[in-house]
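# Per-entry structural report
Here's the letter readout for the chains.
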Amino acid sequence: MNSVLQCLSNTKPLLEYLVRKSYSSDINSTTSSMKGALLRAFAEVCHELWRDTKSTVDTSAFKDQIQKFAPRFMGYSQQDAQEFLRYLLEGLHEDINRVTTRPKPILTEIEDSWSDTQKATESWKRYLRSDDSKIVDLFVGQLKSTLKCTTCGHCSVTFDPFWDLSLPIPSKTGHVRLSQCFELFTKEEVLDGDEKPTCSKCATRRKCTKSFSIQKFPKVLVIHLKRFSPTERYRGKLSTSVDFPLQGLDMTPYAANRSQGCVYNLYGVANHSGSTYSGHYIAYCKHPYSGEWHCYNDSRVSPMSSQGVVSQDGYVLFYELSNTSHM
């Protein structure tokens, strides 16, 4: 929990939104299950973390609220950082969702004859009808999935929102680059045999290829390195060292529209050391104003060199959009 809280509290636009209490007029007291209580408790933690004192911050009031929202986080056993992050962001989003009355569902499919850009725009518009908040503004992007029939060549395209990207690690040991993880994530996959989907043009099951690309880039890109896959969980953790850039992560090769390239800079890492069952989380975060890196190990905070940020313990990476990127 602590490593995720530290990474989020060093997310500059989120920090400023909370500390300046800009959320006051955004609280959703109708459709949110927590009626703003989780958001307020989280804002108070961030406020305390950034006060000019060296005392330890009490997070018990926040813990009470996150447990009410997601009872799976009851008790004090270690939680998976990515899972905790997803639930927390979902809860914060609910508390400040600008959509205060649930819209009627749209039952019609998006026109297949439309261009990919039109389909993407309509999909995003439909998503915002029910989910629209400061959290969505910052953390949510859009993924493009392309299914191509190998018989007739017909392409079926769908667009879905994403809150983070879970990347496979191409090697169980040794060293790999983050770009190799992205290449594996976006690599064309063949669906055959029992996995054969139905081609809408052939109207029968066909061998197809499936691939992902990024249609819309978020302001904050959260990358989850899949060190614990469903098949690996009982065989231990992948301790592969993934080399990720601190600056200039160029996402152009993975964009659906290559002319819409994006560059990101790292500002936070949730590290997991140890094994699947007896691990420990530590956060490395870059100060949003001074740019200096710090290590957050439970209640201990110490300055660190940027050279020590990349390690084999990197698990959840937090990137912010560079000012030079063109969206």
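That block above? That's the structure.
Residues numbered from 1 in each chain as written. Predicted model: local features only at pLDDT ≥ 70, side-chain atom pairs only at ≥ 80, totals over all residues. Heavy atoms only, no water.

Another aspect to go through is the sheet that holds strand 2 (residues 155–162). Read across the sheet, 4 strands follow the order 2-1-8-5 without closing on themselves; strand pairing throughout is antiparallel. Strands with a single pairing partner mark the edges of an open sheet, and in this sheet they are strand 2 and strand 5 (189–191). Sheet twist, expressed as the average angle between the axes of neighbouring strands with direction ignored, equals 30 degrees. Here strand 1 (residues 141–149) pairs with strand 2 via 8 bridges, running antiparallel. Residue Ser145 lies in a different strand from strand 2, and its bridge partner there is Thr158. (Pairing = 2+ DSSP bridges. Helix = DSSP H or I, 4+ residues; strand = E, 2+ residues; numbered from the N terminus. Axes fitted to C-alpha atoms, helices over the stretch in contact; angles between N-to-C directions.)

Relative orientation of the contacting elements helix 3 (residues 37–49) and helix 5 (residues 81–95) amounts to 115 degrees, with a least axis distance of 7 Å. What the angle tells us is that helix 3 and helix 5 run roughly perpendicular. The chirality of how helix 3 crosses helix 5 is left-handed. On the side of helix 3, the interface is formed by Ala37, Leu38, Leu39 and Phe42, while helix 5 contributes Leu88, Gly91, Leu92 and Asp95. Class assignment of the residues belonging to the contact of helix 3 with helix 5 gives a composition of 6 nonpolar, 1 polar and 1 charged. (Parallel < 35°, antiparallel > 145°, perpendicular 65-115°, else oblique. Left-handed = near helix turned anticlockwise from the far one by under 90°. Contact = heavy atoms within 4.5 Å. Nonpolar A, V, L, I, M, F, W, Y, C, P; charged D, E, K, R; others polar.)

So, about helix 3. In an α-helix, one turn spans 3.6 residues, which is why side chains three or four residues apart end up on the same side. With 13 residues, helix 3 extends 19 Å between its outermost C-alpha atoms, agreeing within 8% with the 18 Å of an ideal straight helix rising 1.5 Å per residue. Taken residue by residue, helix 3 has Leu38, Leu39, Ala41, Phe42, Ala43, Val45 and Cys46 as its buried positions. Lining the buried residues of helix 3 we find helix 1 (2–9), helix 2 (12–19), helix 4 (60–69) and helix 5. (Expected span 1.5 Å × (residues − 1). Buried < 20%, exposed > 50% of the residue type's maximum accessible area, 1.4 Å probe, protein only.)

Right, let's get into a negative patch on the surface. On the surface, a cluster of negative charge is contributed by Glu189, Asp192, Asp194 and Glu195. Tracing the chain through its elements places Asp192 in the loop between strand 5 and strand 6 (198–199). (Patch = residues over 30% accessible without salt bridge, like charges linked within 9 Å, V, L, I, M, F, W, Y side chains within 5 Å. Areas by Shrake-Rupley, 256 points an atom, 1.4 Å probe, with all protein chains shown as cover. Salt bridge = Lys/Arg side-chain N within 4 Å of Asp/Glu carboxyl O. Lys, Arg positive; Asp, Glu negative; His and termini not counted. Charge placed at Lys NZ, Arg CZ, Asp CG, Glu CD.)

Counted according to the given criterion, the structure contains 11 aromatic pairs. Here the aromatic rings of Phe73 and Phe84 are separated by 5.3 Å at their centres, their planes lie at 80 degrees, and the arrangement is edge-to-face. With Phe73 in the loop between helix 4 and helix 5 and Phe84 in helix 5, this residue pair connects regions lying 11 residues apart in the sequence. When sorted by exposure, Phe73 lands in the same class as Phe84, which is buried. Aromatic ring contacts, followed pair by pair, group Phe73, Phe84 and Tyr87 into a single cluster. (Phe/Tyr/Trp six-rings, centres within 6.5 Å; stacked < 30°, edge-to-face > 60°.)

The biggest cluster of nonpolar side chains holds 45 residues, and the ones touching the most others in it are Leu8, Leu18, Phe42, Phe62, Leu88 and Phe139. If you tally residues by element for this core, the top one is helix 3, at 7 residues. Every residue in contact with Phe42, bar those within four places of it in the chain, is listed here: Leu5, Leu8, Leu14, Leu18, Phe62, Leu88 and Leu92. Core analysis: the second largest hydrophobic core is formed by 34 residues, Leu167, Met251, Val269 and Ile282 among them. (Core = buried A, V, L, I, M, F, W, Y, C linked by side-chain atoms within 4.5 Å.)

Attention now goes to the pairing of strand 14 (residues 293–297). Of all 5 residues making up strand 14, 5 are buried, and the element is well covered by its neighbours. Both faces of strand 14 are covered, namely the face carrying Trp293, Cys295 and Asn297 and the face carrying His294 and Tyr296. Sheet topology note: the strand 13 (residues 280–286)/strand 14 ladder contains 4 bridges and is antiparallel. By the bridge assignment for strand 14, Cys285 is matched with His294.

Right, let's get into helix 5. With 15 residues, helix 5 ought to run about 21 Å at 1.5 Å a step, and its terminal C-alpha atoms sit 21 Å apart, in line with that. The complete set of buried residues in helix 5 reads Ala81, Gln82, Phe84, Leu85, Leu88, Leu89, Gly91, Leu92, His93 and Asp95. Two or three places before Gln82, at the start of helix 5, stands the capping residue Asp80, its side-chain oxygen 3.2 Å from that residue's backbone nitrogen. (Polar contact = N/O pair within 3.5 Å; in protein donor to acceptor, adjacent residues only side chain to side chain.)

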